[in-house]
Amino acid sequence: MSSRYHETYAQWKADPQAFWAEAANAIDWIKPADKVFDPSQGAYGRWFAGAECNTCWNAVDRHAANRGDTLALIYDSPVTGSKRTLTYAELKDEVATLAAVIADMGVAKGDRVIIYMPMIPEAVVAMLACARIGAIHSVVFGGFAAKELATRLDDAAPKLVLAASCGIEPNRVVQYKPLLDEAIALASNKPASVLLLQRRQCEAAMQPGRDYDWAALVAKARAAGKQADCVPVLATDPLYVLYTSGTTGKPKGVVRDNGGNMVALAWSMTNLYGVAPGEVFWAASDVGWVVGHSYIVYAPLLAGCTTVVYEGKPVGTPDPGAFWRMISEHKIKVLFTAPTAFRAIKKEDPKAEHLKRYDMGGFRALFLAGERADPDTVQWAEDILKVPVIDHWWQTETGWAIAGNPLGLGQLPVKHGSPTVAMPGYDVQIVDEGGKPVMPNQMGSIVVKLPLPPGCLPTLWHADDRFKESYLAAYPGYYNTSDAGFMDEDGYLFIMGRTDDIINVAGHRLSTGGMEEVLASHPDVAECAVIGVKDSLKGEQPCGFVVLKAGVNRSPLEIEKEIVQLVRDRIGPVAAFKIAITVNRLPKTRSGKILRGTMKKIADGDEWSMPATIDDPAVLDEIARALEGKI
Ligand code: COA
Ligand code: AMP
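Residues numbered from 1 in each chain as written. Chains lettered and ligands numbered in written order. Predicted model: local features only at pLDDT ≥ 70, side-chain atom pairs only at ≥ 80, totals over all residues. Heavy atoms only, no water.

## Re the UniProt feature "domain: Acetyl-coenzyme A synthetase N-terminal" (unreviewed entry) in the chain
Okay, step 1: According to UniProt, the feature "domain: Acetyl-coenzyme A synthetase N-terminal" (unreviewed entry) maps to residues 5-59 in the numbering used here.
Okay, step 2: Strand forms 18% of residues 5-59 and helix 42%; the C-alpha atoms that close the span are 27 Å apart. (UniProt positions renumbered as here; feature names shortened; annotations may be inferred. Helix = DSSP H or I, 4+ residues; strand = E, 2+ residues; numbered from the N terminus.)

Written out as structure tokens, the structure reads:
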């Protein structure tokens, strides 16, 4: 089968503005753009400048008007034993009612709302309700600790927090409300109110005057027939801020605008994922991550598909056949998840025995992203599913794929280990340290020539300088992805790892620098280093080395346990920080730089050579000995 990819990419390259103007026809605009791209605005220009629109209208109302009975959302929760569906008409009713409630609580266009909720339909309703009235939502993943939530409260300064009383993990009920109360106590910017959804699995204590009961206020608004209309916003106004790991403990508030996001996501549903309106599309992620924002909430709904909210895991809820049950029961056409999920299934059911119990007849494709898709996992998935398995590469910052294999345009040949080719909108180049393009197959930094396409971040929340410094300063005229890799002679990209201190644990993006800040705060720790070491299930797992202060006589084992707990308390269980190792010294260069790269190679069992600048080579032997039996 031939692919229209090359002609489509060439079309974009010949006239980017015409390309995106055409793609913008998939969206209803209240006022069309003055300029498809305005280079004079923002750090590198802005898409659809002057246009007015509403994302909720495009994701919900217009489908409710035309095809109100089509399913918008399927909720399936093996951890609570509940299932629920919402048609587009029902979703509109829920969203418009909640929007009226939060508007009554004083939230208006441009105000921030933090959403701290598990994978339940109300989380999606909450995001859309904010979009409806032009409020800027910021969803915080449930696996983060109170301090991380507090940092986000301080940065976003929300008027309101929308929360649920708890999330359900297979091994425990995670009570969100005490974490939220602690976060608000820690934060300097305290929200005026909290709207709390009490789940039947756990009832949270309310603070009078600040906390309001979600169900009660929604019921009251419904009884009064109150619904909020869609508020026109500029295409360039923020739809949401999503915090992601930076190189320090302070996360980066990635800003997503309304217009560009809608155009890019709508284009991707047709051309990359190859799905049509009415089809069921499932992104098995969480609304707390960018995959959840783009492909659980906005893209499938913008495209008039049915989206799936799954409150469960790939394994253990109840077995490694969970994904196959979902696909056959809900007639899912396309699944998008992280490779870790498939590694988890493969580990428990290597022969895919569970697959035999289900009819997978309608299933068309599996998309993987969030971390490197290792060839073994891709091969296994291809063998058992017998449908295209597509690796695609992107980042919280970009909001949609930088590189992929566009199923909607006709699949290109697959090369294992490669997320295939650059999507239209992205002029991807591999450069050396001086910013000069390297030859095919040569490793370098992966950069994207500016401007970034619609959908990508225009800036960081209230931090234009940090945006420029983090992404635009290293290679003038280019966006620095902070990923390293190479491109082969066919234009296929190979993403080999980060050039900064970000690690990827079970598809979750974490900063080792942020973890080091926590380790260093332990009263007995003099120095520390955190590295990501290979893990057969999660891809990477963090491993911390600590040097104790002189005169500390306590048991290192006890201190290590405290350190593990400290990371869990400060960053959250999602950091999956389980290994802390006490050493006498850290390997350093003569100028005092910790040799984290060499430590990682030793831990991973990779070949390594003695750095020429090392201060004392014997320290590396000590590190190797300390690692024995620990990983
Ligand atoms: N709220 C509270 N805690 C959460 C949470 C949430 N939403 N999500 C995860 N956690 C907790 C887990 O309970 C676990 O806690 P524990 O240390 O007490 O066991 C910890 O955070 C680490 O979670 P996770 O990384 O998910 O590991 P796991 O061992 O529980 O599960 C997998 C392993 C592979 C099943 C799981 O990582 C998975 O489903 N991965 C799919 C990848 C994915 O969805 N990535 C998102 C980006 S696309
Ligand atoms: P996040 O912002 O959480 O989506 O993480 C983005 C980072 O995850 C990227 O910069 C990559 O390092 C990594 N990543 C995401 N998708 C892929 C992929 N398909 N292949 C390799 N790395 C990936």
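## Digging into helix 5 (residues 121-133)
Okay, step 1: An ideal rise of 1.5 Å per residue puts 18 Å on 13 residues; helix 5 measures up with 19 Å between its terminal C-alpha atoms.
Okay, step 2: With 13 of its 13 residues buried, helix 5 lies for the most part within the structure. (Expected span 1.5 Å × (residues − 1). Buried < 20%, exposed > 50% of the residue type's maximum accessible area, 1.4 Å probe, protein only.)

## Some thoughts on the environment of L493
Okay, step 1: Looking at the element boundaries, L493 is found in strand 26 (residues 493-498).
Okay, step 2: L493 sits in the buried class, given a relative accessible area of 0%.
Okay, step 3: Sequence-wise, L493 and D104 are 389 residues apart; in three dimensions their C-alpha atoms are separated by 50 Å.
Okay, step 4: Sequence-distant contacts of L493, that is, excluding residues within four places in its chain, are made with W393, A403, S418, P419, T420, V428, I430, I446, F486 and M487. (Contact = heavy atoms within 4.5 Å.)

## What to know about the side chain of T80
Okay, step 1: Tracing the backbone through its elements, the reader meets T80 in the loop between strand 4 (71-77) and strand 5 (82-87).
Okay, step 2: A polar atom in the side chain of T80 sits 2.5 Å from the side chain of S82.
Okay, step 3: Leaving out residues up to four positions away in the same chain, T80 has contacts with Y75, I168, R199, R200, Q201 and E311. (Polar contact = N/O pair within 3.5 Å; in protein donor to acceptor, adjacent residues only side chain to side chain.)

## So, the sheet that holds strand 19 (residues 365-368)
Okay, step 1: The sheet built from seven strands is open, its strands ordered 5-4-17-16-18-19-20 with mixed pairing. Either end of the sheet is taken by a strand with one partner, and the two such strands are strand 5 and strand 20 (389-391). Strand after strand, the sheet turns through a mean of 20° between neighbouring axes, direction not considered.
Okay, step 2: Its contacts with the sheet put helix 4 (residues 88-104) on strand 4 and strand 5, and the angle it makes with strand 5 is roughly 95°. (Pairing = 2+ DSSP bridges. Axes fitted to C-alpha atoms, helices over the stretch in contact; angles between N-to-C directions.)

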